[in-house]
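Residues per chain, in single letters:
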Amino acid sequence: WAWRGRRAGGPWVPLLAFAPALAWRVWKTLAGWQGGYTDALFAAGLAQVLPDLAAQLGVNLRAIAYHAPRTLDLLGGDPAAWTCALLTPLALLGWSRRVVAGAPDALYLALYAAVIVVWPYPNHYPRFLLVLLPLLATYAGLGLAALLVSVGAARWSRPACGALALVLAVVLAPSALQILGSVARAEDARAALYTRLAAWYEADSASEADARVAYGLRVLEAMAALGAHVPAEACVSATMPEMVMLHARRLAVKPPGADADDTSLAEALARCPYVLLLRATAFPDREYPFYYPLARLPRDLEVLYSVPLTPGAAGDEALALLVRARAARPVPPRSAGQAN
């Protein structure tokens, strides 16, 4: 609408574009849901938003490099990585030509990329990138055709684009067949659910996949249950804040990573004193190990909620702990086993 001089569609176009976000905001308010991704982003105050986003940029670029091949092909591996390396420059060339032509899809991609490259939830890059794959594949075809035209080989444009599509099909076929076969062979409702989750295909055997998915679902159940132990208006510090907000419906913020100084951590915990400690990691693992930030908290914690690692095993190592922190204390880094 703005690109075309605010003429196409009249003044209703921007109002229509903002309608879904406005409707969602109204629905959340009426339903009594607390917090959200935008609320979490501004939880530390407006002055801290830009530094936080700038610090997030490096993490997100590493996340894109890590997740892109695994988004193209769930099994990952060298073929997917080489295919991404082939598609990226071609897609950039095709996208640039769409920009020059004033195409709305090119503007959409630029705005979308600008948002996700600083969005503070790198664990979710697979779904962020997934919606771009058809567009990027199309741009790669346009870029390949433009490249051939520029070297005087226009007649090869269509065969080359067909070959590019064939390469994509060959790379994607093994994982597609494995996923479809696993779903088709599911013998009960549990297997039907598990084989539709990405974590199922990250293991080397069916037994390992079953344990991995069951573990992940228990973590989500533990998150959902903590809502009963946290006041509606309170804030939770968690290494997976987006999942806490989704399942527990409480405002959650990721604490500063393991490399942050004690003052930054103390200030963050003062804003969000409820702390969820998980036997799970968040990207990047080295900054958010198991139970982070337990090793940097004082010993006199108020434990509000606990889930044992082994179901029904009281006194066992914890899968999840919800505590209320008073102040952070400086201690040497410790391993996950020592932290418990």
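Source: prediction; values computed, not measured. (Residues numbered from 1 in each chain as written. Predicted model: local features only at pLDDT ≥ 70, side-chain atom pairs only at ≥ 80, totals over all residues. Heavy atoms only, no water.)

All right, on to the overall build of the chain then. Check the secondary structure of the chain and you find 13 helices and five strands. In the chain, which comprises 340 residues, the proportion classed as buried is 37%. Expressed as a percentage of contacts within the chain between residues at least 6 apart in sequence, the contacts between residues at least 24 apart total 60%. For the chain, the exposed area adds up to about 18900 Å²; of that, 66% sits on carbon and sulfur atoms. (Helix = DSSP H or I, 4+ residues; strand = E, 2+ residues; numbered from the N terminus. Buried < 20%, exposed > 50% of the residue type's maximum accessible area, 1.4 Å probe, protein only. Contact = heavy atoms within 4.5 Å. Areas by Shrake-Rupley, 256 points an atom, 1.4 Å probe, with all protein chains shown as cover.)

Let us look at the state of the cysteines. In total, this model carries one disulfide according to the counting rule given. Across a sulfur-sulfur distance of 1.8 Å, C235 and C272 are joined as a disulfide pair. Judged by the torsion about the S-S bond (65 degrees), the C235/C272 disulfide is right-handed. Taken as a pair, C235 in strand β1 (residues 235-237) and C272 in the loop between α12 (262-271) and β3 (274-278) lie far apart in primary sequence, 37 residues in all. Exposure remark for C235: the relative accessible area of 8% places this residue in the buried category. Residue classification places C272 among the buried positions, given a relative accessible area of 5%. (Disulfide = S-S within 2.5 Å.)

Per-residue pLDDT for the chain averages 84, and the proportion of residues at 70 or more is 86%. Per-element mean pLDDT across the chain ranges from 38 in helix α13 (residues 336-339) up to 95 in β3. Segment residues 331-340 is flagged for pLDDT under 50; beyond a separation of four residues in sequence, or across chains, it makes eleven contacts in the model. (pLDDT = per-residue confidence, 0-100.)

Under the 1.5 Å per step criterion, the end-to-end length of helix α4 (residues 78-100) is 34 Å for 23 residues, consistent within 8% with the ideal 33 Å. Of all the positions in α4, only A80, T83, C84, L87, L90, A91 and G94 are classed as buried. The positive-phi residue at the C-terminal boundary of α4 is G102, with phi of around 75 degrees. (Expected span 1.5 Å × (residues − 1).)

Time to look at the packing of aromatic side chains. This model, assessed by the stated rule, comprises six aromatic pairs. Measuring from centroid to centroid gives 6.0 Å for W119 and Y121, while their planes differ by 65 degrees, and the two rings are edge-to-face. This pair shows no difference in class: W119 is buried, exactly as Y121 is. Seen from their ring centres, Y125 and F128 are 5.6 Å apart, and the 80 degrees between their planes marks the pair as edge-to-face. (Phe/Tyr/Trp six-rings, centres within 6.5 Å; stacked < 30°, edge-to-face > 60°.)

Let us now look at the pattern of salt bridges. When their charged atoms lie close together, side chains carrying opposite charge are able to pair. Scanning all chains against the criterion turns up seven salt bridges. The closest approach of N and O atoms between D105 and R98, which form a salt bridge, is 2.5 Å. The residue R212 makes a salt bridge to E208 at a minimum N-O spacing of 3.6 Å. Of this pair, R212 and E208 both sit in helix α10 (residues 206-225), separated by four residues, roughly a single helical turn. Relative accessible area serves as the criterion here: at 35%, R212 is assigned to the partly exposed category. On the basis of relative accessibility, which here comes to 34%, the residue E208 falls in the partly exposed class. (Salt bridge = Lys/Arg side-chain N within 4 Å of Asp/Glu carboxyl O.)

When you line up the elements, L93 lands in helix α4. Taking the C-alpha atoms as reference points, L93 and G141, 48 residues apart in sequence, are found 9.6 Å from one another. Contacts of L93, omitting those with residues within four sequence positions, involve G143 and L147.

Helix α5 (residues 104-116) packs onto α4 with a crossing angle of 120 degrees between their chain directions and a minimal axis gap of 7 Å. By the angle between their axes, α4 is oblique relative to α5. In this structure, α4 meets α5 at a crossing whose hand is left-handed. Residues W95, R98 and V99 of α4 touch α5, and the partners they reach there are D105, A106, L109 and A110. Here the residues of the contact of α4 with α5 are counted per class, giving five nonpolar, no polar and two charged. (Axes fitted to C-alpha atoms, helices over the stretch in contact; angles between N-to-C directions. Parallel < 35°, antiparallel > 145°, perpendicular 65-115°, else oblique. Left-handed = near helix turned anticlockwise from the far one by under 90°. Nonpolar A, V, L, I, M, F, W, Y, C, P; charged D, E, K, R; others polar.)

With that settled, the discussion passes to helix α11 (residues 241-248). Of all eight residues making up α11, six are buried, and the element is well covered by its neighbours. What α11 keeps buried is the set P241, E242, M243, V244, M245 and A248. Positive phi shows up at R249, right after α11, with a value of about 55 degrees.

On the secondary structure map, R250 appears in the loop between α11 and β2 (251-253). A distance of 3.0 Å separates a polar atom in the side chain of R250 from the backbone oxygen of G227. (Polar contact = N/O pair within 3.5 Å; in protein donor to acceptor, adjacent residues only side chain to side chain.)

Now for the nonpolar core. Residues M223, L226, V236, V244, L276 and L278 are the most contacted members of the largest nonpolar core, which totals 67 residues. If you tally residues by element for this core, the top one is strand β5 (residues 318-324), at six residues. Among residues more than four places away in sequence, those in contact with L276 are M223, L226, V236, S237, A238, V244, Y292, A320, L321 and L322. Residues Y194, W200, A203 and V213 belong to the second largest nonpolar core, which totals six residues. (Core = buried A, V, L, I, M, F, W, Y, C linked by side-chain atoms within 4.5 Å.)

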